[in-house]
Amino acid sequence: MAKNVNVMALLGLLALAAVLGMASGAGGHDYALALKKSILYFEAQRSGVLPPNQRVTWRENSGLFDGKANGVNLVGGYYDAGDNVKFGLPMAFTVTMMSWGILEYGKQMASAGELRNAMDAVKWGTDYFMKAHPEPDVLYGEVGDGDTDHSCWQRPEDMSTSRQAFRIDPQNPGSDLAGETAAAMAAASLVFRSAYPGYANLLLEHAKQLFAFADKYRGKYDASIPVARNYYGSFSGYGDELLWAAAWLYEATEEGCYLEYLARNGDALGGTGWSINQFGWDVKYPGVQVLAAKFLLQGRAGAHAAALRRYAQNAEFFVCSCVGKGGPGNVPRTPGGMMYHQRWNNLQFVTSASFLLTVYADYATKLPGSGGGGAVRCPGGAARPYEILAFVRSQVNYILGDNPRGTSYMVGYGGNFPRQVHHRGASIVSFRKNPSFVSCQEGYASWYPRQAGNPNVLEGAVVGGPDEYDDFADERNNYQQTEAATYNTAPLLGVLARLAGACGTGFEEYQLPPVADANRTSSPPPPASRRRRHKMPSSSPIEIEQNVTRTWAARGATYSRYAVTVTNRSSRKTVRELHLGVAELRGRLWGLDEARYGYVPPKWRQALRPGESLRFVYVQPAGTPANVWVTGYKLV
């Protein structure tokens, strides 16, 4: 049977090759150039004393007294976006993703002449993290105050706002912040293991201490550093970061205790319960699940294979949902084909998903006995590695200009890119050209409202991007679309390296021919019925049942009231932090609260004990029931 599958895959590849050719620059894009610019962007985001080899020459030293008021040296690190605050959680995620990209595609980066620059970008972050972690159970997670910073429009070199530093410790825990920083340092230790073993060992020691701290003193960091809540609130909690850190420590050390932690805590921390199609600085579950699938595919699961298979099921859900073969949980797409989650900085999710899809497809092709097939079984049909990679290419090409507007959403790439990026340093004349102090008021009065393009080009920055209709307004005050962030670009480094070095290396060279109605990502609703029972995969204890309890006619239309019962069928474990997805809802819903990731039970109903049920209702046109599924839960 496997031989037949391989022959079919080969025939498909040959047919596509005959039509599309083999050039790594298919689509007319210079991925190596885009990679170079992407890495260059991080130099524009540097805080601290800039090095002699600094290539972004419109920047100068800044934040030179960071941490002094707190008695600690916190000079360095990265500004997160268009402001001048150093936020620890997104910075750590940025470094983790840059490191992961190097680990997977460092050879391609080297071929493009960018490996050294990529490693320097990682080290700029990890040097700062070591300063921010002066004691085993202390971690500084923010420098600057978002509220005061956002009241000013100043270059980093002119900052006159608060540079207070905020930390977590045993009395003020932050498992999500400490866990993500541990993941970043563990991943980075692998990046430097060959070239700088001493530095790598130091990073690994910090990572182990931070993970132990995060696990022992549990709590959300935005409860301990409330000034971060309005900017980088931890909506997903800290369970994902604890698992994420454990996965990266296992990858870095091969020590069985970390794999055991991953397996033993999958239920309680949500790794086996969360099925979600969004991955980013807040929610890491898909990343954990893809790493767990990697361990499984590589034969490194050992006695924990059964637990890791449950993680891998959710990784497959992510893949299927992104490529449009996952049923009701599919990621919507714009008319131009871009994955769409939200209006504010949507491209962060496009780049991060593209990276996960790329590495998962590559892992699958190396599965022993697959003959390079490694198809993902999806509700909408198999997703083969070359199909997944072709979809990734379509998303990258969209960002680089293959979209209805013909706009490149990477600044400095192509001829038509955003000129009024929402970025303080880029929008004000360079400090090197004019070192005269720019005050808060002067910045907002003279530079912020200018209709002209920014005087400094923020090369390589990926902005927030277009809305659900592919519309985009290049205006400085349109921060939802024109502000760039480090975590937008970081996942793209690995993907661009993969594409730049793709010539003759595998399936990703081929692109699928257009398919009719290609932008449709939601499966058509199932036939209407008065009773629908939905059981989650065999690993899940949750059952969902829908019933029509009443039907009536009004204003020439017929409506039905649907009652939904969600039951915990576990015999001994309690379901907590339940999140539900509801799609194709055309009426009102009662009994659930809307949350960042789907819907959640009311605050008074925080748990479902064994055998207990949650009920909610909705009303909409008869014969068209909504699709209801479990997005995530923890089983304790």
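The structure displayed is predicted, hence computed values, not measured ones.

Calculation rules
Residues numbered from 1 in each chain as written. Predicted model: local features only at pLDDT ≥ 70, side-chain atom pairs only at ≥ 80, totals over all residues. Heavy atoms only, no water. Pairing = 2+ DSSP bridges. Helix = DSSP H or I, 4+ residues; strand = E, 2+ residues; numbered from the N terminus. Contact = heavy atoms within 4.5 Å. Axes fitted to C-alpha atoms, helices over the stretch in contact; angles between N-to-C directions. Expected span 1.5 Å × (residues − 1). Buried < 20%, exposed > 50% of the residue type's maximum accessible area, 1.4 Å probe, protein only. UniProt positions renumbered as here; feature names shortened; annotations may be inferred. Polar contact = N/O pair within 3.5 Å; in protein donor to acceptor, adjacent residues only side chain to side chain. Salt bridge = Lys/Arg side-chain N within 4 Å of Asp/Glu carboxyl O.

Undergrad: Explanation requested: the sheet that holds strand S2 (residues 139-143) in the structure shown.
TA: As a general point, the strands of a sheet are linked pairwise by backbone hydrogen bonds and lie either parallel or antiparallel. Spatially, S1-S2-S3 is the arrangement adopted by the three strands of the open sheet, whose pairing is antiparallel. Edge positions in the sheet fall to strand S1 (86-87) and strand S3 (165-168), since each of these pairs with one other strand and no more. Taken strand by strand, helix H6 (residues 175-192) contacts S2 and S3, and its axis lies near 100° from that of S2.

Undergrad: Is there a simple way to think about helix H2 (residues 31-44) in this case?
TA: Within an α-helix, residues lying three or four positions from one another point in the same direction, as the helix has 3.6 residues per turn. For H2, spanning 14 residues, the distance from its first C-alpha to its last is 20 Å, which sits close to the expected 20 Å at 1.5 Å a residue. Within H2, 11 of the 14 residues are buried, which leaves it mostly tucked inside the rest of the structure. Taken as a whole, H2 has its buried residues at Tyr31, Ala34, Leu35, Lys37, Ser38, Ile39, Leu40, Tyr41, Phe42, Glu43 and Ala44. For H2, the elements touching its buried residues are helix H3 (88-111), helix H4 (115-132), helix H16 (385-399) and helix H20 (486-500).

Undergrad: Help me out: how do you make sense of the UniProt feature "active site" (unreviewed entry) in the protein chain in this one?
TA: In this numbering, the UniProt entry assigns the feature "active site" (unreviewed entry) to His422. With respect to the element layout, His422 can be found in the loop between H16 and helix H17 (424-427). Not counting residues up to four positions away in its chain, the partners in contact with His422 are Gly82, Trp153, Tyr448, Arg476, Asn477, Tyr479, Thr482 and Glu483. Engagement of the side chain of His422 in a polar contact is seen with the backbone oxygen of Arg476, the distance being 2.7 Å.

Undergrad: In this structure, what is going on with the pattern of salt bridges? I would like to understand it.
TA: Any two side chains of opposite charge can pair, given that their charged atoms come close. If you walk through the whole model with that rule in mind, you get 26 salt bridges. Here Arg155 ties to Asp158 by a salt bridge, and the two come within 2.7 Å at their closest N and O atoms. Among the residues examined, Arg155 registers a relative accessible area of 1% and is labelled buried. By relative accessible area, Asp158 is classed as buried at 5%.

Undergrad: Please explain the environment of Ala69 as it appears in this structure.
TA: One can find Ala69 in the loop between H2 and S1. Sequence separation of Ala69 and Gln164 is 95 residues, and the distance between their C-alpha atoms is 7.1 Å.

Undergrad: Is there a simple way to think about unusual backbone geometry in this case?
TA: One can expect most non-glycine residues to show negative phi and most peptide bonds to be in trans. A positive phi is found at Asp470, a non-glycine position, where the angle reads about 70°. Asp470 gets classed as buried once you look at its relative accessible area, which sits at 3%. In this structure, Glu584 takes a positive phi of about 60° despite not being glycine. On the secondary structure map, Glu584 appears in the loop between strand S7 (575-583) and strand S8 (588-590).

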